[in-house]
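So you can see what is in the structure, the chains are spelled out below.
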Amino acid sequence: SQTIHQWPATLVQPVGSPLSLECTVEGTSNPNLYWYRQAAGRGLQLLFYSVGIGQISSEVPQNLSASRPQDRQFILSSKKLLLSDSGFYLCAWSEKGSYFYEQYFGPGTRLTVT
Amino acid sequence: DQQVKQNSPSLSVQEGRISILNCDYTNSMFDYFLWYKKYPAEGPTFLISISSIKDKNEDGRFTVFLNKSAKHLSLHIVPSQPGDSAVYFCAAGRYGGSQGNLIFGKGTKLSVKP
């Protein structure tokens, strides 16, 4: 069966510090991968998606970036965090060719920028 | 512009009664719709989906109804249980391309009271 891991689970970082969040998927190959953010009182905002190694598409311009160095690894980064980057970050995967492209989410990372 | 709208931020229901969660969309090109359930500090979990060529899909206590002419879908939970208390997200997607991107609503918080 497939599993998706995210770490860390929680993170408190000062403004201006760098960020690296990691997501890995097991039990599948060549998945689509996604990064979402859920800010307080808001829905799920798609930040980045990737259909393959090195292929990243950005949905929202911001000071965040994403990379996919391996097939089942997806990394969310920032060089300098802003207060507005606080939120709940979720990684998800979907199987190519599935009928509904249902996405399966990881446990999330709670980021607080102070 | 919000393409998927959940206009009720919260809903309270008595245990054993029916819960009806609503979702409206503006893009008639959506091909499929999904419902997700999310507990605090966890990732959303996939509940049920429906293709735009159908008007109903049922899975145990969960039934999704789609009214294409009204661009409206609803999730019915019968009977409601306290463990159903969570935030429910409606999502929509289109075929074409390989990325399987979904557009999410802002969610409705369901509280089922014993």
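Bear in mind the structure is a predicted one, so any value in this text is a computation, not a measurement.

Draft legend 1. Seen up close, the sheet that holds strand β1 (residues 3-7) of chain A. All names here are of chain A. Strands sit in the order β1-β3-β8-β7 across an open sheet of four strands; the sheet is antiparallel. Either end of the sheet is taken by a strand with one partner, and the two such strands are β1 and β7 (64-70). The sheet shows a mean angle of 20 degrees between the axes of neighbouring strands, direction not considered.

Draft legend 2. Broad picture of the pattern of salt bridges. Throughout the structure, instances matching the rule amount to three salt bridges over all chains. Measuring nitrogen to oxygen at the nearest pair gives 3.3 Å for the salt bridge that ties arginine 68 of chain A to aspartate 71 of chain A. Looking at arginine 68 of chain A, the relative accessible area reads 2%, which means it is buried. The class for aspartate 71 of chain A is partly exposed, based on a relative accessible area of 21%. As a salt-bridge pair, arginine 61 of chain B and aspartate 84 of chain B come within 2.8 Å of each other at their nearest N and O atoms. On the criterion of sequence distance, the pair formed by arginine 61 of chain B in the loop between β6 (56-59) and β7 (62-67) and aspartate 84 of chain B in the loop between β8 (72-77) and β9 (86-93) is long-range, its members being 23 residues apart. Residue arginine 61 of chain B is classed as partly exposed on the basis of its relative accessible area of 23%. With relative accessibility at 2%, the residue aspartate 84 of chain B sits in the buried group.

Draft legend 3. Seen up close, the pairing of β7 of chain A. Residue and element names in this part refer to chain A. Summarising the sheet, β7 and strand β8 (residues 73-78) pair through five bridges and their orientation is antiparallel. Each residue of the ladder has a partner; that of alanine 66, found in β8, is leucine 76. Between the antiparallel neighbours β7 and β8 lie two residues.

Draft legend 4. Local environment of the environment of glutamate 42 of chain B. When you line up the elements, glutamate 42 of chain B lands in the loop between β4 (32-38) and β5 (45-51). The exposure class of glutamate 42 of chain B is partly exposed, given its relative accessible area of 41%. The residues touching glutamate 42 of chain B, leaving out its near neighbours within four places in the chain, are Phe88, Leu90 and Pro107 of chain A.

Thresholds applied
Residues numbered from 1 in each chain as written. Chains lettered and ligands numbered in written order. Predicted model: local features only at pLDDT ≥ 70, side-chain atom pairs only at ≥ 80, totals over all residues. Heavy atoms only, no water. Pairing = 2+ DSSP bridges. Helix = DSSP H or I, 4+ residues; strand = E, 2+ residues; numbered from the N terminus. Axes fitted to C-alpha atoms, helices over the stretch in contact; angles between N-to-C directions. Salt bridge = Lys/Arg side-chain N within 4 Å of Asp/Glu carboxyl O. Buried < 20%, exposed > 50% of the residue type's maximum accessible area, 1.4 Å probe, protein only. Contact = heavy atoms within 4.5 Å.

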